[in-house]
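# Report on the structure
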Amino acid sequence: MKILIKGGRVLDPAHGIDDTFDVLIEEGRISAIEKELKASGAEVIDAAGRIVTPGLIDLHVHLRDPGYEYKEDIVSGTRSAAAGGFTSVACMPNSNPFNDNKAVTLYIRNKAREEGFANVFPVASATKCSKGDTLAEMGDLKAAGCIGFSDDGRPVASGEVMRRAMEYARGFGMPILSHAEDLSIVGDGVMNDGFVATELGLKGIPWVAETAAIGRDVMLAEYTGARLHVCHISTRQSLDIIREARKRGVRVTCEVTPHHFTLTEEAVRTYDTNTKMNPPLRTADDVAAMREGLADGTIDAIATDHAPHHLDEKNVEYNIAMNGIVGLETSLPLTLRLVDDGVLSLGEAIARLTCGPARALGIPRGTLEVGAAADVTVIDPELKWVLEADKLASKSRNTPFEGWRMKGAATHTILGGRVVYQREM
Ligand SMILES: [Zn+2]
């Protein structure tokens with residue numbers, strides 16, 4: 001099986017490559033990246049006017065499998081990834097049961113390998129059942145194939161437990177992914193605290209609930225020497241803490257979601273529960289800060305926090321609706337808007353979706369290398385389309401972007417030399 005991708009703009013930020021090349025794929029691997037390649041018998045993909053990038057990576061998704069397959073499962077979730085141009089995803093451990101033991105890790109990896117449409121890198125619980133008190137069997141989990149530890153969905157409330165988690169993770173050469181939130185400050189808040197919350201009569205979550213927790217975790221990373229990755233940052237103050245810590249040499253990386261650099265708390269005025277997420281949508285100044293952080297490189301990765309929920313869990317009062325939205329199929333066009341807005345160059349945008357997340361997690365992906373597994377995404381950056389939730393490959397429909405006019409989409413997603421997604425044109 002040979003595939004020849006002809007005449008595309010090959011963009012590989014990790015190697016500083018941005019030029020027109022042909023890419024030849026043979027037996028699941030990239031066999032050549034050169035001008036004017038010929039290959040008899042190859043399936044040819046005409047990439048003129050398109051971008052050819054390393055397969056995109058989303059380092060923060062919830063696949064809901066095992067346990068919540070009515071929301072999503074490994075097959076539908078990776079199909080959604082492929083449709084969004086992603087060839088690799090890291091899945092969070094808050095399934096049922098939690099991914100806090102190797103049996104669950106192996107279930108995820110085997111199902112992904114046998115039935116999935118993307119590479120799945122499992123993130124294990126840092127503590128048993130992500131309860132925040134007893135550390136999980138980190139050595140076993142690493143041996144089974146987990147690539148990091150997190151109690152995502154909830155914070156590790158005890159600083160002492162987090163300190164020990166970091167010490168062990170450091171020993172295993174693995175990152176801790178922090179869902180940073182001080183629940184005692186969050187209380188029963190459901191949106192960003194401020195003027196809009198007061199007007200709407202909804203309880204607010206102050207920015208300091210996130211930033212105070214990030215401050216603690218950054219200091220613990222500095223103290224232990226562990227690698228810390230801060231999930232879904234949303235406030236200017238959080239970004240400032242991380243920027244300063246990196247200047248001191250603390251090993252901290254971070255991610256932002258497309259919704260946190262696109263939408264503000266103003267979106268909540270519709271009372272659409274698809275604007276309810278954790279952390280909540282913030283102010284225009286916070287959105288500006290997220291864009292600054294992406295531009296100056298403080299933010300390493302764009303990650304979706306893809307959080308599928310059933311209609312019945314969203315079609316309720318704002319106060320009791322579940323948090324989160326699906327994101328895999330809207331991440332790329334929302335990221336490309338940053339290029340149109342002059343925030344990022346195209347190369348920088350692709351870096352935040354490829355080598356940035358790969359480095360944050362320490363996984364050997366995110367570049368195009370001769371001899372490496374052929375994970376490649378072909379993107380039409382000019383393709384105009386309208387988001388219709390009913391047409392998503394995900395099992396769930398919870399998106400605040402229904403009806404949005406999008407520009408840019410993956411036309412082909414190639415996983416290990418196999419076309420796992422091809423857009424109908
Ligand atoms: Zn989280």
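Notes on the structure in this doc start here. (Residues numbered from 1 in each chain as written. Predicted model: local features only at pLDDT ≥ 70, side-chain atom pairs only at ≥ 80, totals over all residues. Heavy atoms only, no water.)

## What about the nonpolar core?
- Counting 64 residues, the largest nonpolar core has Phe149 and Ile233 as its most contacted members.
- Ignoring any residue separated from it by four or fewer positions in sequence, one finds Phe149 in contact with Val123, Ala124, Ser125, Ala126, Met138, Leu141, Ala169, Met174, Pro175, Ile176 and Leu177. (Core = buried A, V, L, I, M, F, W, Y, C linked by side-chain atoms within 4.5 Å. Buried < 20%, exposed > 50% of the residue type's maximum accessible area, 1.4 Å probe, protein only. Contact = heavy atoms within 4.5 Å.)

## Brief notes about the coordination of the zinc ion
- Protein ligation of the zinc ion involves Asp152 (OD), His179 (ND1) and His232 (NE2), the donor distances falling in the range 1.9 to 2.3 Å.
- Written as a sequence motif, the donor arrangement for the zinc ion is D-x26-H-x52-H. In this pair, Asp152 is assigned in the loop between helix H3 (138-144) and helix H4 (159-171) and His232 in the loop between strand E12 (228-230) and helix H8 (236-247), connecting sequence segments 80 residues apart. An identical accessibility class is assigned to Asp152 and His232; each is buried. (Donors = N, O, S within 2.8 Å, 3.2 Å for Na, K, Ca; no water. Helix = DSSP H or I, 4+ residues; strand = E, 2+ residues; numbered from the N terminus.)

## Examining the side chain of Thr335
- The topology assignment puts Thr335 in helix H12 (residues 331-340).
- Polar side-chain contacts of Thr335 include one of 2.7 Å to the backbone oxygen of Ser331.
- For Thr335, the residues in contact, after removing those within four places along its chain, are Phe261, Ile302, Ala349 and Leu353. (Polar contact = N/O pair within 3.5 Å; in protein donor to acceptor, adjacent residues only side chain to side chain.)

## What to know about the layout of surface pockets
- Size it by volume and the largest pocket reaches roughly 590 Å³.
- Lining the largest pocket are 27 residues, with Arg64, Asn94, Gly153, His309 and Asn323 sitting closest to its centre.
- Its residues assigned to classes, the lining of the largest pocket shows nine nonpolar, 11 polar and seven charged.
- The computed volume of the second largest pocket comes to approximately 370 Å³.
- Taken together, 17 residues line the second largest pocket, and the ones lying closest to its centre are Glu329, Trp385, Lys391, Tyr421 and Arg423.
- Its residues placed into classes, the lining of the second largest pocket shows 11 nonpolar, one polar and five charged. (1 Å grid on protein atoms, 1.4 Å probe; cavity = no way out; pocket = protein on both sides within 12 Å on 5 of 7 lines; lining within 4 Å. Points joined across faces, edges and corners; volume = space filled by probe spheres on them. Nonpolar A, V, L, I, M, F, W, Y, C, P; charged D, E, K, R; others polar.)

## A word on a nonpolar patch on the surface
- There is a patch of nonpolar side chains on the surface, built from Ile185, Trp207 and Val208 and spanning about 230 Å² of accessible area.
- Within the secondary structure layout, Val208 lies in helix H7 (residues 208-224). (Patch = residues over 30% accessible without salt bridge, like charges linked within 9 Å, V, L, I, M, F, W, Y side chains within 5 Å. Areas by Shrake-Rupley, 256 points an atom, 1.4 Å probe, with all protein chains shown as cover. Salt bridge = Lys/Arg side-chain N within 4 Å of Asp/Glu carboxyl O.)

## A word on the pattern of salt bridges
- Enumeration according to the criterion identifies 26 salt bridges in this entry.
- Its salt-bridge partner being Glu313, residue Lys71 comes within 3.1 Å of it at the nearest N-O pair. Note that Lys71 is positioned in the loop between strand E6 (56-61) and helix H1 (74-83) and Glu313 in helix H11 (residues 311-314), a separation of 242 residues in sequence.
- Judged by its relative accessible area of 4%, Lys71 is buried.

## Here we look at unusual backbone geometry
- Cis rather than trans, the peptide bond between Asn96 and Pro97 has omega equal to 5 degrees.
- Mapped onto the secondary structure, Pro97 falls in the loop between strand E7 (86-91) and helix H2 (102-115).
- Look at the link from Asn278 to Pro279: it is a cis peptide, with omega at 0 degrees.
- Backbone geometry places Ser130, a non-glycine residue, at a positive phi of 50 degrees.
- Within the element layout of this structure, Ser130 appears in the loop between strand E8 (119-122) and H3.
- With phi around 60 degrees, Tyr271 is a residue other than glycine that occupies positive phi space.
- Topologically, Tyr271 is positioned in the loop between helix H9 (258-262) and helix H10 (284-296).
- Using a relative accessible area of 41% as the deciding quantity, one classes Tyr271 as partly exposed.

## Topic: the pairing of strand E13 (residues 252-256)
- Counting buried residues in E13 gives five out of five residues, a clear majority hidden from the surface.
- Alternating residues of E13 divide into Val252, Cys254 and Val256 and Thr253 and Glu255, and every residue in both groups is buried.
- Examined bridge by bridge, E12 and E13 share three bridges and lie parallel to one another. The residue bridging Leu228 from the neighbouring strand is Val252, located in E13.
- Tracing the backbone out of E12, into H8 and back to the parallel element E13 gives a crossover that is right-handed.
- Note: E13 against strand E14 (residues 301-302), two bridges, orientation parallel. Following the sheet pairing, Val256 is matched in E14 by Ile302. (Pairing = 2+ DSSP bridges. Right-handed = clockwise from strand over helix to strand, strands pointing away.)

Geometric descriptors of this kind do not, in isolation, establish any biological role.
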